[in-house]
Amino acid sequence: MQTLSYGIEIKASKQKVWEILWQKESYQAWTQFFSCSSTMQSDWKVGGKTYFYDAKGDGMISIIERLDEPNVIIFKHIGMIQNGHEDTESDEVKTWAGALEKYMLFDLDDCTQVHVEVDIQPEYIEMMNQGFERGLAIVKQLAEQ
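Residues numbered from 1 in each chain as written. Predicted model: local features only at pLDDT ≥ 70, side-chain atom pairs only at ≥ 80, totals over all residues. Heavy atoms only, no water.

(A) Representation of the pairing of strand S8 (residues 112–120) in the model. Bridge analysis of strand S1 (residues 2–10) against S8 gives nine bridges, and the strand direction is antiparallel. Of the residues in S8, the one forming a bridge with Ile 10 is Thr 112. Inspection of the sheet shows strand S7 (residues 100–107) paired to S8 by seven bridges, in the antiparallel sense. Bridge pairing in S8 links Asp 107 to Thr 112. Counting the residues in the hairpin turn of S7 and S8 gives four residues. (Pairing = 2+ DSSP bridges. Helix = DSSP H or I, 4+ residues; strand = E, 2+ residues; numbered from the N terminus.)

(B) Here's a closer look at the UniProt feature "domain: Activator of Hsp90 ATPase homologue 1/2-like C-terminal" (unreviewed entry) in the chain. Per the UniProt record, the feature "domain: Activator of Hsp90 ATPase homologue 1/2-like C-terminal" (unreviewed entry) sits at residues 11–96. From the first C-alpha to the last, residues 11–96 spans 35 Å; its make-up is 24% helix and 38% strand. (UniProt positions renumbered as here; feature names shortened; annotations may be inferred.)

Right, dumping it as C-alpha cells:
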C-alpha cells in the first residue's frame, strides 16, 4: 500500500470549502472522476459508518476515525459493498482494510489550503491521481464562485 498526497489552494473560507467537499450536490460534482454518480451516506460521528456508493449501489464502507469540522476528517476504509452485501471479512478486503483517507484544511493568508492523503494499492494510483487532480479543481471552482 502507498500513501499519495494531493493539495490545492482555494480562495474561500475553510467552512465554505468543507461544505463543497461534503454537501451532496457538490460532493457528486467533484467525485464524478472516481465514479459516475458517486454518493455518500454518513452519520458524521467518530466511529460511525460512512458509505461511499457508485451508481449501482456498490462501494466502500468506512468509519470516521477523526472529525474536527472544518479542519480535518479521516476515513478508515473497512470493507466494501457489492450487490447489496457488506463485506468486511473476505481475503480481498483484508488486503486493504485499514487504509486511510485524510482531508485537512488549513488557513493561509487569503485562502484555504486543502491537503489530501490516501492509502492506495498500486494498481489504483493512476485513477487516484487523475481523480484528485480533476476533482480538486472542481472543488476550487465551486468554492471560489
